[in-house]
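Structural overview for review
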Amino acid sequence: MPEDIFDVVNERDEVIGAKPRSVVHAQGLLHRAVHVFVFNSRGEIFLQKRSMKKDRQPGMWDSSCSGHVDSGETYDETAVRELGEEIGLKVKSAPEKLFKIDACEETDAEFVWVYRCESEGPFELHPDEIERGGWFTPEAVSRWMADKPEEFATAFILIWKKYLTAHTSP
């Protein structure tokens, strides 16, 4: 399979070039990603446990769905694509945009737009991307994260804390 090509961006999230995924990660170049929180009608969030095949933070618990923005793609297009690819959730348009995180060490040099949508599942988890998933109350996620932060992807920890600050309830 050909290697993914990502847009490389500057500190203002403006595209300045495009490089293969391996180069972007090896050189720590700024690039783009999305995270999507999927909640059900009971207010629980679906979290995924990243596959051990992942090159970044394998086996860590993470957002419902997340992924890199491919070269020439918008954040919104990526959110729609990743929901379908990772968890089999087909949506016609981008979910609700919540907030943006600037590129930093925790996000692995990614500018991240965070989205939110609702679905009851069930989901079809992509085995190369996700080992398993489950529904959790926000309170349970926060307790678990406080007790065992090492079980979570670093970007998700940062995003979850910002989400809780802005949204006292889902």
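See the structure above.
Residues numbered from 1 in each chain as written. Predicted model: local features only at pLDDT ≥ 70, side-chain atom pairs only at ≥ 80, totals over all residues. Heavy atoms only, no water.

1. Considering the overall build of the protein chain
If you tally the helices and strands in the protein chain, you get four helices and nine strands. Counted from the first residue to the last, the protein chain has its helices and strands arranged as β-β-α-β-β-β-β-α-β-β-β-α-α. Here the C-alpha radius of gyration of the protein chain, 15 Å, is about what a compact globule of 170 residues would show, namely 15 Å. Overall, the protein chain is about 45 × 30 × 30 Å in size when its C-alpha atoms are taken along their principal axes. Of all 170 residues assigned to the protein chain, the portion counted as buried reaches 46%. Put simply, 58% of the contacts in the protein chain that link residues at least 6 apart link residues at least 24 apart. Summing over all exposed atoms, the protein chain offers an accessible surface of approximately 8,600 Å²; the carbon and sulfur share of this is 52%. When the 21 positive and 32 negative side-chain charges of the protein chain are each reduced to one mean point, those points stand 2 Å apart. (Helix = DSSP H or I, 4+ residues; strand = E, 2+ residues; numbered from the N terminus. Rg over C-alpha atoms; globule rule 2.2 N^0.38 Å. Buried < 20%, exposed > 50% of the residue type's maximum accessible area, 1.4 Å probe, protein only. Contact = heavy atoms within 4.5 Å. Areas by Shrake-Rupley, 256 points an atom, 1.4 Å probe, with all protein chains shown as cover. Lys, Arg positive; Asp, Glu negative; His and termini not counted. Charge placed at Lys NZ, Arg CZ, Asp CG, Glu CD.)

2. Things to note about the packing of helix 3 (residues 138-147) against helix 4 (residues 154-166)
Viewed as axis vectors pointing N to C, helix 3 and helix 4 meet at an angle of 130°, and their least axial separation amounts to 12 Å. In this view, helix 3 runs oblique relative to helix 4, as classed from their interaxial angle. In the packing of helix 3 onto helix 4, the handedness of the crossing is left-handed. From helix 3, Pro138, Val141, Ser142 and Met145 reach across to helix 4, where they touch Phe156, Ile157, Trp160 and Leu164. (Axes fitted to C-alpha atoms, helices over the stretch in contact; angles between N-to-C directions. Parallel < 35°, antiparallel > 145°, perpendicular 65-115°, else oblique. Left-handed = near helix turned anticlockwise from the far one by under 90°.)

3. Focus on the side chain of Asn10
Position of Asn10 relative to the elements: it lies in the loop between strand 1 (5-9) and strand 2 (15-20). For Asn10, a relative accessible area of 12% translates into the label buried. Engagement of the side chain of Asn10 in a polar contact is seen with the side chain of Glu14, the distance being 2.8 Å. Not counting the four nearest positions on each side in its chain, Asn10 is found in contact with Ile16, Leu30 and Phe111. (Polar contact = N/O pair within 3.5 Å; in protein donor to acceptor, adjacent residues only side chain to side chain.)

4. Let's talk about the nonpolar core
In terms of nonpolar packing, the biggest core is built from 22 residues, with Phe37, Leu47, Phe152, Phe156, Ile159 and Trp160 touching the most fellow members. Secondary-structure elements contributing two or more residues to this core are strand 3 (31-39), strand 4 (45-50), strand 7 (96-101), strand 8 (110-118), helix 3 and helix 4. With six residues, helix 4 is the single largest residue contributor to this core. With sequence-adjacent residues up to four places away left out, Trp160 is seen in contact with Phe37, Ile45, Pro138, Val141, Ser142 and Met145. The next biggest cluster of nonpolar side chains, apart from the first, holds 18 residues, and it includes Val36, Val69, Ala79 and Leu83. (Core = buried A, V, L, I, M, F, W, Y, C linked by side-chain atoms within 4.5 Å.)

5. Regarding the environment of His126
Mapped onto the fold, His126 is located in the loop between strand 8 and strand 9 (130-136). When its relative accessible area of 30% is taken as the criterion, His126 is described as partly exposed. On a C-alpha basis, the gap between His126 and Gly84 in space is 9.5 Å, while along the polypeptide they are 42 residues apart.

6. With respect to the pairing of strand 6 (residues 65-68)
Alternating positions in strand 6 separate into two faces, Cys65 and Gly67 on one and Ser66 and His68 on the other, with burial throughout. Where strand 3 and strand 6 come together, four bridges link them in antiparallel fashion. What sits directly across from His35, in strand 6, is Ser66. (Pairing = 2+ DSSP bridges.)

7. Examining the pattern of salt bridges
Counting across every chain of the model gives 19 salt bridges. The residue Arg12 makes a salt bridge to Glu11 at a minimum N-O spacing of 3.0 Å. Per residue, the accessibility class of Arg12 equals that of Glu11, and both read exposed. Taking the shortest distance from any N to any O, the salt bridge between Asp13 and Lys100 comes out at 2.6 Å. Residue Asp13 is located in the loop between strand 1 and strand 2, and its partner Lys100 is located in strand 7; the two are separated by 87 residues in the primary sequence. The exposure class assigned to Asp13 is buried, which follows from its relative accessible area of 8%. (Salt bridge = Lys/Arg side-chain N within 4 Å of Asp/Glu carboxyl O.)

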